[in-house]
Amino acid sequence: MENSQRHSQRQDTRLELVIVGNGMATGRLLDELLKRGCGQFRITVIGDEPEGSYNRIMLSPVLAGETERATIIHKSPAWFAAQGIRFIAGKRGTQIDKDKQIITLDDGQRLAFDQLVIATGSRPAAIPAKNQTLENIFSFRTLVDVDTITSAARNAANAVVIGGGLLGLEAAYGLALKGVAVTVVHRSGWPLNRQLDATAGAMLQSVMAAKGVAFALSAEVASFEGDHTGAVNKVVLNDGRELDCDLAIIATGITPNRELGQDSDIACGRGVQVDALMQTSAANISALGECCEFEGETFGLVEPIWHQCVTLADRLCGTRLTPFRNPQVATKLKVSGVQLYSAGEYITRPEHREIVLHDCRHQVYRKLLLCGNTLVGVVLFGDTRDGNTYFEWLSAAQTLPVQVSTLTLGKSFLTESTPVQLPQAAAIP
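Residues numbered from 1 in each chain as written. Predicted model: local features only at pLDDT ≥ 70, side-chain atom pairs only at ≥ 80, totals over all residues. Heavy atoms only, no water.

Colleague: I would appreciate a short explanation of the overall build of the protein in the present structure.
Modeller: Along the backbone of the protein there are eleven helices and 27 strands. What you see for the protein is a C-alpha radius of gyration of 24 Å, in line with the 22 Å of a compact globule of 429 residues. Structurally, the protein occupies a C-alpha span of about 75 × 70 × 35 Å along its principal axes. When each of the 429 residues of the protein is scored for burial, the buried share is 52%. Across the protein, the fraction of contacts at a sequence separation of at least 24, relative to all contacts at a separation of at least 6, is 60%. (Helix = DSSP H or I, 4+ residues; strand = E, 2+ residues; numbered from the N terminus. Rg over C-alpha atoms; globule rule 2.2 N^0.38 Å. Buried < 20%, exposed > 50% of the residue type's maximum accessible area, 1.4 Å probe, protein only. Contact = heavy atoms within 4.5 Å.)

This is the structure in structure tokens:
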């Protein structure tokens with residue numbers, strides 16, 4: 001049925017905007033749409049979880065018992081109702097008919113759309129280990145995961161977390177706070193190896209070890225072993241080591257959920273491919289967030305996804321066209337109570353000039369990497385107060401003064417204790 005015919009058969013002649021997926025990207029997109037009025041749309045959101053939109057970044061504090069479950073839910077079913085947005089909970093999109101502009105859900109329901117947004121997010125990346133169907137092996141991605149892990153942890157003495165990235169470390173820390181002895185298995189030689197150098201990584205490992213988290217580094221899981229009940233009781237590493245465990249968590253990164261687009265003959269690579277306006281290869285179908293791919297890149301950080309939401313909201317509402325450009329992003333983290341900051345390059349290469357301040361006693365580490373006198377990378381551990389200043393210098397790509405050796409001392413030192421003058425574009429505010 002043509003769109004004009006669909007509209008003529010009902011009194012409400014607004015365009016149908018259907019959003020598939022109800023994660024953080026959808027939550028931010030809705031904020032941007034409402035900010036612009038978007039009165040031309042009747043909005044439907046399809047989500048496979050019942051809670052509404054919640055902050056996945058806060059799953060770790062919920063697991064640790066530091067934050068209440070309800071406080072991280074930003075858009076409850078009641079919020080959707082109050083905004084006049086239809087919320088279909090507990091359902092997934094399974095097929096898109098691009099020509100008829102209809103999406104079919106997993107319960108057979110068919111919804112017509114004028115504009116469709118694929119925001120299906122991602123899932124935990126798979127690992128090649130054997131026997132992953134044993135009980136008490138979990139992912140750490142949703143509120144349901146938090147609930148099941150919390151329940152299993154009540155009777156657990158030992159746990160293994162596979163993955164030494166942020167999600168894995170936060171899961172390990174949360175379990176340690178519950179009194180569970182935790183070992184993190186990580187394929188790299190130090191934790192957070194995509195944000196920190198070896199020195200900062202070793203410092204983080206030391207801090208976490210003091211809080212009850214052990215590490216098996218440069219290792220991978222070959223297999224899980226179970227007891228007579230079918231529950232996991234051991235992890236076997238590729239070097240032959242065996243780790244006892246009552247539960248295991250796999251947190252080794254994410255894989256974009258591209259299947260809805262791929263199965264509907266929409267161009268996909270690692271994710272659903274989009275142009276700079278978040279348009280897919282199909283007319284009237286957009287994508288954003290962790291499920292999409294732009295110029296060969298996929299996305300797992302909040303900041304570029306927020307930029308995508310602005311781009312898409314502007315285009316859908318006809319406000320203006322603001323093409324998406326993948327921004328340079330600083331990583332700001334808090335792990336086991338320690339503040340971390342990383343931007344630009346973080347591994348020292350032969351062409352770099354490295355300036356380091358390392359206070360072992362107070363667990364403070366600052367490393368600046370320069371090419372010539374231009375800042376190209378920053379790693380901060382323990383004291384991140386000057387992170388934003390360093391990021392401004394890095395983003396400006398301006399030549400810094402000859403006295404760059406003082407830069408690790410930070411903004412207060414430069415403004416109060418030395419006559420160093422920075423170029424106008426990189427001046428300290």
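Having seen the model, we can carry on.
Colleague: Would you mind showing me how to read helix α9 (residues 302–317) here?
Modeller: Residue pairs three or four apart in sequence face the same way in an α-helix, which turns once every 3.6 residues. With 16 residues, α9 ought to run about 22 Å at 1.5 Å a step, and its terminal C-alpha atoms sit 22 Å apart, in line with that. Listed as buried for α9 are P304, I305, Q308, C309, T311, L312, A313, D314, R315, L316 and C317. Against β1 (15–20), α2 (24–35), β2 (41–47), β9 (115–118), β21 (285–287) and β22 (292–293) lie the buried residues of α9. Where α9 ends, the next residue or the one after it, G318, has phi of about 70°, a positive value. (Expected span 1.5 Å × (residues − 1).)

Colleague: Explain the pattern of salt bridges to me, please; I cannot follow it from the model alone.
Modeller: Oppositely charged side chains may form a pair once their charged atoms are brought near each other. Inspection of the entire model under this criterion finds 24 salt bridges. With its nearest N and O atoms 2.8 Å apart, the salt bridge here joins D197 to K367. One end of the pair, D197, is in the loop between β13 (181–186) and α7 (198–209); the other, K367, is in strand β26 (residues 364–371), with 170 residues separating them in the sequence. Judged by its relative accessible area of 2%, K367 falls in the buried class. (Salt bridge = Lys/Arg side-chain N within 4 Å of Asp/Glu carboxyl O.)

Colleague: Mind showing me how you'd approach the sheet that holds strand β17 (residues 242–244) here?
Modeller: Strand pairing within a sheet occurs via backbone hydrogen bonds; the two strands may be parallel or antiparallel. In spatial order, the strands read β15-β16-β17; together these three strands make up an open sheet with antiparallel pairing. Here the strands that pair on one side only, and so sit at the sheet edges, are β15 (221–226) and β17. Here the strands of the sheet are splayed against their neighbours by 25° on average, with no regard to which way each runs. (Pairing = 2+ DSSP bridges. Axes fitted to C-alpha atoms, helices over the stretch in contact; angles between N-to-C directions.)

Colleague: Hey, could you run me through the environment of I162 in this one?
Modeller: Considering the arrangement of structural elements, one finds I162 in strand β12 (residues 158–162). Residues I162 and Q101, 61 residues apart in the sequence, show an inter-C-alpha distance of 42 Å. Contact partners of I162, with chain neighbours within four places excluded, come to I127, V185, V221, F224, A248, I249, I250, A251 and T252.

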